Structures are given as C-alpha cells and as structure tokens.
Amino acid sequence: MSTIIFFLPFILIYTIFAVYGERKISAFIQDRYGPMEVGKYGWYQTVADLLKLIQKEDIVPKKASKKLFLIAPVIIFTSIFCGFVVLPITSSWEGTLTQNGVYFLLAIVSLDVVGILMAGWGANSKYSLLGALRSVAQIISYEIPVTLSVLCVIMISQSLNLQEISYQQGILINAFPDMENVKNYLFGISALNIDVTNWGGVFTWNIFRAPVLIPVFIIYFISTLAESNRAPFDLPEAESELVAGFHTEYSGFRWAIIMLSEYGMMLLVALLGVILFLGSWNTPLPNIGNIMLANWTTGEPETIAGNLWSVFWLLSKALMWIAVQMWVRWTYPRLRIDQLMSLSWKYLTPFAMFLIFVSGLWRLLMI
Amino acid sequence: MNWMTTIFYFFGAITVLSALGILFTRNVLHATFLLMLSFFSVAGIYVLGNASFIGVTQLLIYVGGILILMVFGLMLTTKLNGKALVTENHNRLIGVLLGTVFFSILSYIIIFSANFEMLKSNKTLPENAVEFIGINLMSNYLIPFEIAAILLLVALIGAAVISEKRKEKQE
Amino acid sequence: MKKKQGKYWKNIRIASSTLFQGLIQTSKHFRKAFKQRNAIGVEEENYFHRSDGLQTVLYPHELLPIPDNGRYRLHNEMDDCIVCDKCAKICPVDCIDIEPIRAVEDLGKTSDGTPKRIHGAKFDIDMSKCCFCGLCTTVCPTECLTMTNEFNFSEFDVTKHNYEFATLTPHEITEKLEALESFNKEKEKNELKNKESKVEGTQPRPKIKMKPVIKDSAIEEPDKNVSGNIKKPKFRPRPIIKKKKED
C-alpha cells in the first residue's frame, strides 16, 4: 500500500519528462529539432504546456451529459493508478495484495474502458463516440493475448505474487521465504545441470530462464501497446479521422488528466513487463568468476544500497521499455480496424494459446 | 470499532445505497453505472474479508467483463431516437408482492439459517488461498470446472456461428 | 485451405521482416540527429544534396540565405516613380492604390531620364492582398517598382500590411491641389480667350494616320529578310479540355 507514496509523485514527474522525450524522439526520427525554445534544448517545454493547460477554461459542451463527462477523466486515471498498488519497487518494498498481484493488475487494467466509454458517450459528439467504441472493442480484444501471455509467465514462475516472481529472477532467489533450496538452471533445463543460481544477471531473467517466453514477450509487448491505445494501435484517438477520438471535447485540466493516464498506462505495462520478463529489479550484470558484478550491483535486501540498486534497475528498464514504445509509435503507421482485430484474434491469440502449452511443458523441464 | 470495521460498513453502505439507486433511477444508463459501483464495493468487502482472490475475480468478471459489455450495448442503443432510455413500471401489484415474498424468504434464510462457521471458530483463510483453490479445482471439483469450460466453449462457437456472414442472404 | 495457410505464414514473415526494417530505418535517423543541415542558400551548389541529420533550421535564430533576386515584399522608389498608374491597372488583385495630382511646376526627371509630370499623393500597396505575381514590376516603365528579398513581414494587425510609399505630407497635398485648381482656372480663361480669337479661321488639326507597327520577323528568321512581310499568325492547336459532366 505504501508504494503509492512513491508512485503518485513519480508518475507526475515521469509524465513531464516522457512527453518531452516523446516529442524529442519523434522530432529526431523525423529529422527535426523538436521543442527548442523554452529553456536549454526546450527542457521546460512540458512544464510550460502544463501551466497553460491548468489555466485553461474547463469547457463542458452544452449537450453533453454533464455528470459522466466531468467524472470520466477521474475514473480513467484512477483505474490505471490502481494498477500501481500491486507493483513491487525494490527488493524489500513490495505492493499490496501480494498473493494475487498479477491477477488484480489484469482486472484493473481493463477498467479504464469504463472511463473511456463515459468520456466518449458523455461528450455527445460523433467523434468521441466513435473513438470510445473503437477503444472498447480494441481493449477487450487485446485483453485476451495480454492475459494469455501473462499466464505463460505464471506457468513458469508458479506464482501470482509479483515480488516472488521478482525474487526468482536473480541471485537473491534463496532469500525469499519457501524458496531456500530452489535452483536456477541455464535455460531452465535441469537436464543440462548448469547451475546459474549464483551467476545472476541476465541468465536468471525470465526470458533467459525459459526461452519460450521470448515470443510470449513479443506478444505481450504488441498487445500492451494496443491496451494503452498507443500507435500503431491508436485508433481510439486517430487524429487524422476522429480529431482526438474519445477526448475530443475535453480541454484544460481534464484533458491533462487523460494524457497523464495514457502515459501512466504506458508506465504500468512497462513495469509489469519488466517484472514478468526482464528480471524485475534484478541487475542485468552476471557474476563472472571472482568478479561478482551481480552481487555488487544488487545489494542485500533491507539495506539502503539494496533498495537503491533495485529501484534503479527497475525504473531504468521500464523507462527503456517506454523509449521503445515511443520508437515504435513514430515508426509505424496506424492499423485499420479490421487489421487490428485480425491481428488480435487470428495471430496473437492462437500463438499465445500454443505458447501456454509449450510453457507448461517447459516447466516440466525445469523441475 | 476499529478502522477495518469502519471500512467494512462504508463498503456495505455503498453497496446498499447504489443498489437502491438502481431500483429508483429511471435512466438505464445511470442504473448500470450504479450497478458497477455496487459490484466494486462488494469486491471491496471480499478483499476486507481476506478473500482477495474472489474480490479480484469479482472485478475481472463482473466489472471488467459483463458490465462493460452492458454499458457498451446500452450506449449503442440509448441515443437512437435522441431520448435517454428510461424504464417504465408495469404490473405493480404482482411486482410488489413477489418482491416482498422473495425479500422475506432470503432475509429469513440469511439471518436464521446461515451458520457463520468462520466467525464462530475464529478461523482465517489460509495464506496461500490461490494455491488451495487451484488444487481443489483440478482435483475435487474437476467435473464442474470442465463442464463450465465446455459451456464457455459452446458459447464461443455459438457466437462465432451467429455472427458469421450468411452467403445466401448476401446474394 | 492450403493456400490460405500459406498466406497466413507468409503474412507473419512479411510483417515481421518489414516491421524490423522500419525500426532500423527510424533508428538510423535517430542516431544521425546530432548532425545539422548547413544553412546554405539555394544558389549554393550542394543545396539540393540531401544530407544526413536534422533537416530544419531554428528559424528566427538561423536563416537560410535568401537570394538577392527573391520576389517577396514590393518596394517603390518614389523618386523614380512617374505615377503612371500602370501597376495599379495591371494588378490582378487590386492591391495598389494610387492617387495622382497633376503637377503644375517642373518636377525634374527620374534617374533614367523620364520627365516626371504627376505628384503621387497616395501610393499604397496592400501586401496582405498581394499575390506576388510580379506583373506590376514588369509593366513599370521606370523600373521603380521592384520586389525585394524581404520576406519576413508578418504583423499582428492586418492593416499594417498596407505599405505607404507616397512622400507628400497632407499639407503639401492641399497645396498642390490648390495650385492645380488655380492653374486649371487660368487655363480655362486662356482657352476662352483663344476661342474668341480663333472663331473665324480654325484650322483642322492634321490627322495622324495610325499604322500598326509590326515587328520584323527578321530576328527570328533571318533567311527570309523581306521587309514589310507581315507574318501570318501560326495556327496553334489548343488543348481541348473536356468539361466533366456534373451530376
């Protein structure tokens, strides 16, 4: 529960830098400068934009359903922010609802659909309604590959507890209760009999522990892009067709909250992805012989060094993930709605189902 | 009264009030959102009762699945003729009678015949409830589990068949 | 069925390879972003040479050099202007507004020797209407009206786009008008006198026969070199543009 103290200010500050980063990345990809005027290299551009947004008038369309329209941004942000409560931050600072962490996340992540529907329907605008309908269809369809890909990880790690999944992917595996005697093998194949428990680093990350998770990881990445309404799946706010999709009619602070929740969603899926696939708060550096890189860059749990190292690794991996999301956004064109659906139902879902089967078999190899 | 009890009563009040709101509101859309609030607070009560798995399931299935589909359907249909969809009262006498009868039967059963075993024996749910539920589903309750799975599969195939394009009609 | 399956796997293969190529392409651009384009003008040899790195310039701070013969804002050199009104007449959007006053006194000559006869009481060019066709500069007989390479003249108030080139003050204008009026009155008097004196013996003015001056085709076709040979207009087929049927 106490992780909220960390995440609420972090999301706000992160969003400011993420918007700046997004604009710079898009500019560099398109051979432009991006924001350059406010501060050195335009550093304060987002702060200036935020100040402007807060000052702007809060407009409610005359024919809108006022209650729904006003409350929708709050619901969108709340439902996404609820997802953060279960995430662990460091090796000794874990979230709430630990026993069902992943399960809760999957449930809560899809709830922002309610807010999007309220926003789209309440605004009483054709653009908003179309955007909202698309958004719901998209999020509900892509929930399935997301859930299935998360299920693959759960099959491998045998736990819904995000902190336990984190501990499994590093040299501290034996420090977690009930896992004192668990060993990590190379690629998870115990028959090879190469014990990598003390190697740590990338060798114990989930995508290395069970290479079957690499395609699962790709499926997760694609479908969470769609879940967070990011390009190339940004049909709900397709600028060229729907003005701004479901948040066409919003202005000022409420619009800022919607943007905040979009970036919050990106951070949430990135953090979850890092925890599930990329070693959570564990270091990527392995121990090589006497050079104990993994031990040096992990630190003992419950110590200041341990906390700092783990929060550093977790956040830097998540921010890298977000940078890749932005890179993808500024590379690919938007999908058509039927392409979107066929990608989800004909390609991602069957593959994810097949991969669940393979992960089950892989788990047998790991025993 | 410690703070857990306070929160419990808070959730209880929200559940009951929003359920009453569903009864008395005319606007179907508002009723749906109130139903969502009700489900939410029920999930909260589950979590308070140390049954977070059921609480999250409540969220996932009722709020995240069924209710979103309801809202989706409603929003597509309500504004067809420019008016909000409102409920109307029919068969008031029979309705009132049936309602009272059901309410009294249910409250009788709950108050007088339900024995709150957990409360009496001061037991708590095991820490690894998920594991427990999983093992039981796969062993003692395998047949109901499989039947539910087959039912869902049938529903899925049925939906696919219904939504399939019929060639005779198109030509 | 088999064909469909083949398409399915082919789709996956094509999608993954093209998506990967796209990422490589954008990352290339991203990595070259520390390079900048040089701020060189269009006259430079390698202006159209596509360089790596950022393609834009930081406009108010950096400027691509504008060629001297750029055709942007109009400028009128009032000392050379004979206020012939040709520019105002040819302007397709009527952005030039001229008010002439005939001069009584001698105004001198322009720099190319054309005598000036008319004061320009008003010579306004509304650049917000201008379509930058340059017709006015071509008809200008003294070449006083030119297009400059000054392109950055945006304003907050659209009326500020009206540029006034007349140099006369309002006081001077009234002065000139009065002078012209008195001159006209005097002229009328003189004419009346002349009429009275010339009633009996009026001589008709010798008529001048206007001949169309046709430029010799000798320049174009030196072989023929026949003077007075009027060249027939060549028949040129016009492109036939079919009008679209409107439904």
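Definitions and limits used
Residues numbered from 1 in each chain as written. Chains lettered and ligands numbered in written order. Predicted model: local features only at pLDDT ≥ 70, side-chain atom pairs only at ≥ 80, totals over all residues. Heavy atoms only, no water. Helix = DSSP H or I, 4+ residues; strand = E, 2+ residues; numbered from the N terminus. Contact = heavy atoms within 4.5 Å. Areas by Shrake-Rupley, 256 points an atom, 1.4 Å probe, with all protein chains shown as cover. Buried area = accessible area lost by both parts, 1.4 Å probe. Polar contact = N/O pair within 3.5 Å; in protein donor to acceptor, adjacent residues only side chain to side chain. Pairing = 2+ DSSP bridges. Axes fitted to C-alpha atoms, helices over the stretch in contact; angles between N-to-C directions. Salt bridge = Lys/Arg side-chain N within 4 Å of Asp/Glu carboxyl O. Nonpolar A, V, L, I, M, F, W, Y, C, P; charged D, E, K, R; others polar. Core = buried A, V, L, I, M, F, W, Y, C linked by side-chain atoms within 4.5 Å. Buried < 20%, exposed > 50% of the residue type's maximum accessible area, 1.4 Å probe, protein only. Left-handed = near helix turned anticlockwise from the far one by under 90°. Parallel < 35°, antiparallel > 145°, perpendicular 65-115°, else oblique. pLDDT = per-residue confidence, 0-100. Arc of directions from axis to C-beta. Patch = residues over 30% accessible without salt bridge, like charges linked within 9 Å, V, L, I, M, F, W, Y side chains within 5 Å. Lys, Arg positive; Asp, Glu negative; His and termini not counted. Charge placed at Lys NZ, Arg CZ, Asp CG, Glu CD.

1. Description of the overall build of chain B
In step 1: The number of helices and strands found in chain B is eight helices and zero strands.
In step 2: Beginning at the N terminus, the succession of helices and strands in chain B can be written as α-α-α-α-α-α-α-α.
In step 3: Considering only intrachain contacts with a sequence separation of at least 6, the fraction spanning at least 24 residues in chain B is 58%.
In step 4: A total accessible area of about 13,100 Å² is found for chain B, and carbon and sulfur atoms account for 72% of it.

2. Examining the interface of chain A and chain B
In step 1: Between chain A and chain B, the residue contacts involve 22 residues of the former and 25 residues of the latter.
In step 2: Between chain A and chain B, the buried area comes to about 2,200 Å², and carbon and sulfur atoms account for 79% of it.
In step 3: Taken together, the connections running from chain A to chain B amount to one residue pair in polar contact (both at pLDDT 80 or more).
In step 4: For the side of chain A that touches chain B, the elements supplying multiple residues, two or more each, are α3 (66–82), α4 (101–109), α5 (112–122) and α6 (126–157) of chain A.

3. Notes on the sheet that holds strand β2 (residues 96–102) of chain C
All names here are of chain C.
In step 1: Pairing is antiparallel across the open sheet formed by three strands, whose spatial order is β2-β3-β5. Of all strands in the sheet, those bounded by a partner on one side alone are β2 and β5 (162–164). Strand-to-strand, the axes of this sheet are offset by a mean angle of 15 degrees, without reference to chain direction.
In step 2: Where β2 lies against strand β3 (residues 118–126), seven bridges are found, and the strand directions are antiparallel. If you follow P100 over to β3, its bridge partner there is G120.
In step 3: The sheet strands contacting helix α4 (residues 170–197) are β2 and β3, and the helix crosses β2 at an angle near 50 degrees.

4. So, the interface of chain C and chain A
Accessible area lost upon the coming together of the parts serves often as the stated size of an interface.
In step 1: In this assembly, 22 residues from chain C lie in contact with 17 residues from chain A.
In step 2: When chain C packs against chain A, the two sides together hide about 1,700 Å² of surface, and 67% of this comes from carbon and sulfur.
In step 3: Where chain C packs against chain A, one counts zero salt bridges.
In step 4: For the pair chain C and chain A, the interface holds eight residue pairs in polar contact (both at pLDDT 80 or more).
In step 5: Along the lines of polarity and charge, the residues of the side of chain C that touches chain A split into eleven nonpolar, ten polar and one charged.

5. A closer look at the nonpolar core
In step 1: Formed by 124 residues in total, the largest nonpolar core has its most connected members in F84 and L213 of chain A.
In step 2: Per-element accounting of this core gives the leading share, 15 residues, to helix α11 (residues 252–276) of chain A.
In step 3: Among residues more than four places away in sequence, those in contact with L213 of chain A are C152, V153, I156, N206, I207 and F277 of chain A.
In step 4: With 22 residues, the next largest nonpolar core counts L74, C130, C140 and F153 of chain C among its residues.

6. Focus on the packing of helix α1 (residues 3–29) of chain A against helix α2 (residues 45–55) of chain A
All names here are of chain A.
In step 1: Contact pair α1 / α2: the axes reach a minimum separation of 8 Å and the direction vectors enclose 115 degrees. Seen along the crossing, α1 lies across α2 with a hand that is right-handed. Facing I16, V19, Y20 and R23 of α1, the residues of α2 in contact are Q45, T46, V47, D49 and L50.
In step 2: In the contact of α1 with α2, the residues fall into five nonpolar, two polar and two charged.

7. Structural notes on the packing of α3 of chain A against α5 of chain A
Residues and elements named next belong to chain A.
In step 1: One way to put it is that α3 packs onto α5 with a least axis distance of 8 Å and a crossing angle of 160 degrees. When the axis of α3 is compared with that of α5, the two are roughly antiparallel. Relative to α5, the crossing made by α3 is left-handed. Contact residues: α3 offers L68, F69, I71, A72, I75, I76, S79 and I80, while α5 offers D112, G115, I116, M118, A119, W121 and G122.

8. Quick notes on the confidence of the model for chain A
In step 1: Of the residues in chain A, 99% reach a pLDDT of 70 or more, and the chain-wide mean stands at 83.
In step 2: Put simply, helix α12 (residues 293–296) of chain A is where chain A has its lowest mean pLDDT, 72, and helix α9 (residues 213–227) of chain A is where it has its highest, 89.

9. Topic: α2 of chain A
Residues and elements named next belong to chain A.
In step 1: The complete set of buried residues in α2 reads Q45, T46 and L53. Considered in projection along α2, the buried side chains sweep an arc of 90 degrees and stay on one side of the axis.
In step 2: On its buried face, α2 sits against α1 and α11.

10. Re a positive patch on the surface
In step 1: On the surface, a cluster of positive charge is made up of K346 of chain A together with K7, K10 and R13 of chain C.
In step 2: Tallying contributions element by element places helix α1 (residues 2–31) of chain C first for the positive patch, with three residues.
In step 3: In this fold, R13 of chain C is placed in helix α1.

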